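Next come the chains, spelled out residue by residue.
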Amino acid sequence: MSKTAKLVLDGKEFDLPVIVGTENEVGVDITTLRDRSGAITLDSGYANTGACVSNICYIDGEAGILRYRGYPVEQLAEHAKFTEVAYLLIYGELPTLKQLLKFREDLTYHSMIHEDMKKFFDGFPNGAHPMAVLSSMVASLSTYYPESDEKAKDRNIIRLLAKAKTIAAYANKKTLGQPFMYPRNELSYCGNILQMMFAVPCEAYHVDPVLEDAMNVLLILHADHEQNCSTSTVRMVGSSQANLYASISAGICALWGPLHGGANQAVIEMLEEIHRDGGNVDKYVAMAKDKTSGFRLMGFGHRVYKNFDPRAKILRKTCDSVLERLGVHDPLLDIAKKLEEIALRDSYFVERKLYPNVDFYSGIIYKAMGIPTEMFTVMFALGRLPGWIAHWKELRDDPKSRINRPRQIYNGAGIRDFVPMEARG
Ligand code: CMC
């Protein structure tokens, strides 16, 4: 029997349908509330608002569960390749061998960017943030591939997945002032990212399998996270029927902020600051607890996870193995471990359920791999790409989807008459 919820407003009762998800999550459907009662619901920050019904990703923040299309992220990180996970997210099922080989072949075939686009990089000033470059270049792809009909949809998805890593690596090379390295067809998706970022034309480059595996795990763990800020942005922009490149470019900008994907860069900057300041971790923990300081422990806390972040749990192990393999002894890691230890015992963090999140460890791993700090959020974007694409596709394939258009409660001045300039003084 279908459930309903009852809302009483000004003495009048309204029955509202209740939607129950696969894992028994309950949502009160208020779609018709305004038409029937004149009232809207208010939820700033959307902390308690379901914006859509989706089949892609499931999170239980209390239990620390994350699944892509039903598969636990732990299993995917251990056994799958990033391209398989991308296929799963975008098309709904794990690929057969034949499907995967075709998918990989397509991604390889489309991985170069148009030669003319290389000139765009010359226009950016030295020191341009690579997230700005990535977002601009992804939006620019729509000038080369303007077809947005149904038939072009899959081709554009492949192009974007294939070319984004090339653009990201070129953005890195631009920052370093080194020549761009073309993708190499015999390398894997992750191997190619490393090759295009680190190789130079004057010497042979061999992809380190440990780094390739770490990159694979990092990208898989970032691949989707249901209605986070950037994915909701992609869906919001896509709901106006903007093309794939424009929608994803907007998502990249949303990811850039330090409260979202930009946190991995902010974590390293914070650890460096603590190190420069003599490594006094207690001082920074105290600052994070002091609301007047304006300082937060970057890489701690999450809107959804209130027990632990399952991605952080996996990355903690990856972090140890990468640092061991590379023989890196980084004083920042010692500070990070100390910070984690103190914060996990401190009642401020315990009461507010603030735990290290995925960005706490990913930054440390990227740093050990030799990836420049400003590129960290770009790496997050490469991982999140299949998730964004899957959500954009889900929205566009849904014949019932409407343009996203929230309401508001107006709290400004009441009506008043225009005052001429002479009278305003
Ligand atoms: N350091 C110190 N205090 C914190 C922190 C932190 N990192 N995060 C939250 N708090 C406090 C906050 O001041 C508030 O305290 P009170 O209840 O006394 O006012 C309480 O904890 C709840 O915080 P909130 O800001 O209401 O939580 P939110 O759900 O709006 O924000 C968050 C979630 C991730 C933006 C926030 O925890 C934060 O700013 N963390 C640091 C940035 C970060 O690491 N972001 C990466 C998130 S993981 C990658 C991703 O998926 O985007």
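What you see is a predicted model; the values in this text were computed from it and never measured.

Undergrad: Teacher, can you tell me more about the overall build of the chain here?
TA: Along its length, the chain carries 19 helices and six strands. Relative to the compact-globule value of 22 Å for 425 residues, the chain shows a C-alpha radius of gyration of 23 Å, a close match. For the chain, the proportion of its 425 residues judged to be buried stands at 47%. Taking as baseline every contact in the chain between residues at least 6 positions apart, the subset at least 24 positions apart corresponds to 69%. Per element, the accessible surface of the chain, about 22,000 Å² overall, is 52% carbon and sulfur. Looking at the chain, you have 50 positive and 52 negative side-chain charges, and the mean spots of the two groups are 3 Å apart.

Undergrad: What's the story with the side chain of Ser140 in this structure? I'm lost.
TA: Its place among the elements puts Ser140 in helix H6 (residues 130–144). Not counting chain neighbours up to four residues away, the residues in contact with Ser140 comprise Met117 and Phe120.

Undergrad: I tried to follow the sheet that holds strand S5 (residues 65–68) on my own but got confused; where do I start?
TA: Strands sit in the order S4-S5-S6 across an open sheet of three strands; the sheet is antiparallel. Looking at strand neighbours, the two that pair on one side only are strand S4 (57–60) and strand S6 (71–72), the edges of this open sheet. Where S5 meets S6, two bridges bridge the pair, whose relative direction is antiparallel. Across the sheet, the residue bridging to Tyr68 is Tyr71, located in S6.

Undergrad: Sorry if this is basic, but what is going on with the site of the ligand here?
TA: Around the ligand, the structure places 20 residues, and the nearest of them are His260, Arg296, Leu297, Gly299 and Arg303. Within the contact set of the ligand, an oxygen atom lies 2.7 Å away from a side-chain nitrogen or oxygen of Arg296. Phe300 places a main-chain nitrogen or oxygen 2.9 Å from a nitrogen atom of the ligand. Contact with the protein chains removes 77% of the 940 Å² of surface that the ligand exposes when unbound. When the residues that make up the shell around the ligand are grouped by side-chain class, the tally is nine nonpolar, five polar and six charged.

Undergrad: How should the packing of helix H12 (residues 263–276) against helix H17 (residues 358–369) be read in this particular structure?
TA: Between H12 and H17, the least distance of the axes is 8 Å, while the angle of their chain directions is 75°. If you check the angle between H12 and H17, you find them roughly perpendicular. Contacts from Ala263, Asn264, Val267, Ile268, Leu271 and Glu272 in H12 reach Asp359, Phe360, Ser362, Gly363, Ile364, Tyr366 and Lys367 in H17. Its residues placed into classes, the contact of H12 with H17 shows seven nonpolar, three polar and three charged.

Undergrad: Looking at this model, I keep getting lost on the pairing of strand S1 (residues 4–9). Mind explaining?
TA: Two faces belong to every sheet, and in a regular strand the side chains alternate between them. For S1 and strand S2 (residues 12–20), the ladder comprises six bridges, and the chain directions are antiparallel. Bridge pairing links Leu7 to Phe14 in S2.

Undergrad: Just to check I follow, could you spell out the packing of aromatic side chains for this structure?
TA: Note on aromatic pairs: each is described by the distance of the centres and the angle between the planes. For the structure on display, the rule yields 15 aromatic pairs. Geometrically, the ring pair formed by Tyr91 and Phe103 is edge-to-face, given 6.3 Å between the ring centres and 85° between the ring planes. In this pair, Tyr91 is assigned in helix H3 (residues 82–91) and Phe103 in helix H4 (residues 97–109), connecting sequence segments 12 residues apart. In this structure Tyr91 comes out as partly exposed when scored by relative accessible area, which is 27%. The exposure class of Phe103 is buried, given its relative accessible area of 3%. Aromatic pair Phe360 and Tyr361: ring centres 5.3 Å apart, planes at 85°, arrangement edge-to-face. A relative accessible area of 0% means that Phe360 is categorised as buried.

Undergrad: Teacher, can you tell me more about helix H8 (residues 189–198) here?
TA: Residues separated by three or four positions in an α-helix point in the same direction, a consequence of the helix having 3.6 residues per turn. When you tally the buried positions in H8, you get nine out of 10 residues, the bulk of the element. Residues Tyr189, Cys190, Gly191, Asn192, Ile193, Leu194, Gln195, Met196 and Met197 constitute the buried set of H8. Next to the buried residues of H8 lie H3, H4, helix H7 (150–176), helix H9 (209–222) and helix H18 (376–397).

Undergrad: Even after reading the chapter, I still don't get the domain arrangement of the chain, so can you show me in this structure?
TA: Frequently, the measure chosen for interface size is the accessible area that the parts lose on association. Domain boundaries in the chain define domain 1 (4–60), domain 2 (74–259 + 373–397) and domain 3 (263–369). Its C-alpha centre places domain 1 at a distance of 34 Å from the equivalent point of domain 2. Listed by partner, the interface residues are seven residues for domain 1 and nine residues for domain 2. Per-residue buried area on domain 1 facing domain 2 is highest for Ile56, Cys57 and Ile59; these three make up 66% of the total on that side. Summed over the shared surface of domain 1 and domain 2, the result is zero salt bridges. Inspection of the region where domain 1 meets domain 2 yields two residue pairs in polar contact (both at pLDDT 80 or more).

Undergrad: Help me understand unusual backbone geometry, please; the structure alone is not making it clear to me.
TA: Note on backbone geometry: most residues besides glycine have negative phi, and most peptide bonds are trans. Although it is not a glycine, Asp10 sits at a positive phi angle of roughly 50°. Among the secondary structure elements, Asp10 is positioned in the loop between S1 and S2. Look at Arg69: it is not a glycine, yet its phi comes out positive at around 50°. Relative to the elements of secondary structure, Arg69 occurs in the loop between S5 and S6.

About the thresholds
Residues numbered from 1 in each chain as written. Predicted model: local features only at pLDDT ≥ 70, side-chain atom pairs only at ≥ 80, totals over all residues. Heavy atoms only, no water. Helix = DSSP H or I, 4+ residues; strand = E, 2+ residues; numbered from the N terminus. Rg over C-alpha atoms; globule rule 2.2 N^0.38 Å. Buried < 20%, exposed > 50% of the residue type's maximum accessible area, 1.4 Å probe, protein only. Contact = heavy atoms within 4.5 Å. Areas by Shrake-Rupley, 256 points an atom, 1.4 Å probe, with all protein chains shown as cover. Lys, Arg positive; Asp, Glu negative; His and termini not counted. Charge placed at Lys NZ, Arg CZ, Asp CG, Glu CD. Pairing = 2+ DSSP bridges. Near = heavy atom within 4 Å. Polar contact = N/O pair within 3.5 Å; in protein donor to acceptor, adjacent residues only side chain to side chain. Nonpolar A, V, L, I, M, F, W, Y, C, P; charged D, E, K, R; others polar. Axes fitted to C-alpha atoms, helices over the stretch in contact; angles between N-to-C directions. Parallel < 35°, antiparallel > 145°, perpendicular 65-115°, else oblique. Phe/Tyr/Trp six-rings, centres within 6.5 Å; stacked < 30°, edge-to-face > 60°. Domains from an automatic or database assignment. Buried area = accessible area lost by both parts, 1.4 Å probe. Salt bridge = Lys/Arg side-chain N within 4 Å of Asp/Glu carboxyl O.

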